[in-house]
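# Observations on the three-dimensional arrangement
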Amino acid sequence: MTKQRQKRHVPTVGPYGFREDAPTLKAYLASGEYYRVYCKYCRRWHTHSPFEGHRLAHCDDPDSPYAPTGYNLVYAGEFTLAVWRRFSDVQS
Ligand SMILES: [Zn+2]
């Protein structure tokens, strides 16, 4: 079996580890370079460095529920059109 020369993303946990009281969100690797996470409060995608673990919320809204704790990122796969649709169709 020949394998295409494709760099497989192996998620690693970043320097901040995981924060137990923070929510955990799915992160998707975009362009092999960064994580995108859909924020249901901002209704847009926040961009982060491609490693798992705790981050400060990238929300513009200081009243975002994520603001006090930030959130944890876990790698959930490639950022594809299907992923984009799945989240963006949810107009909750
Ligand atoms: Zn946000």
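Check the entry above for the structure.
Now for a look at the structure at hand. What you see is a predicted model, and the numbers here were worked out from it, not measured in a lab. (Residues numbered from 1 in each chain as written. Predicted model: local features only at pLDDT ≥ 70, side-chain atom pairs only at ≥ 80, totals over all residues.)

Here 5 bridges tie strand 1 (residues 24-30) to strand 5 (residues 71-78), and the two strands are oriented parallel to one another. Paired with Ala27 across the bridge in strand 5 is Tyr75. The sheet contact formed by strand 4 (residues 53-55) and strand 5 spans 3 bridges and is antiparallel. Within strand 5, the position partnered with Arg55 by the bridge is Tyr71. (Pairing = 2+ DSSP bridges. Helix = DSSP H or I, 4+ residues; strand = E, 2+ residues; numbered from the N terminus.)

Attention now moves to the nonpolar core. Side chains that are nonpolar tend, in soluble globular proteins, to be buried together. Of all hydrophobic cores here, the largest spans 11 residues; its members are Leu25, Ala27, Tyr28, Tyr35, Val37, Tyr38, Ala57, Tyr66, Tyr71, Leu73 and Phe79. Listed by contribution, the elements that provide at least two residues to this core are strand 1, strand 2 (34-39) and strand 5. The residues contacting Tyr28, other than those within four sequence positions of it, are Tyr35, Arg36, Ala76, Gly77, Glu78, Phe79 and Val83. (Core = buried A, V, L, I, M, F, W, Y, C linked by C-beta atoms within 7 Å. Buried ≥ 20, exposed ≤ 12 C-beta atoms within 10 Å, placed from the backbone. Contact = placed C-beta atoms within 7 Å.)

A few words now on the environment of His46. Structurally, His46 is set in strand 3 (residues 44-48). His46 sits in the buried class, given 20 other C-beta atoms within 10 Å. Taking C-alpha positions, His46 is 16 Å from Ala22, a pair spaced 24 residues apart along the chain.

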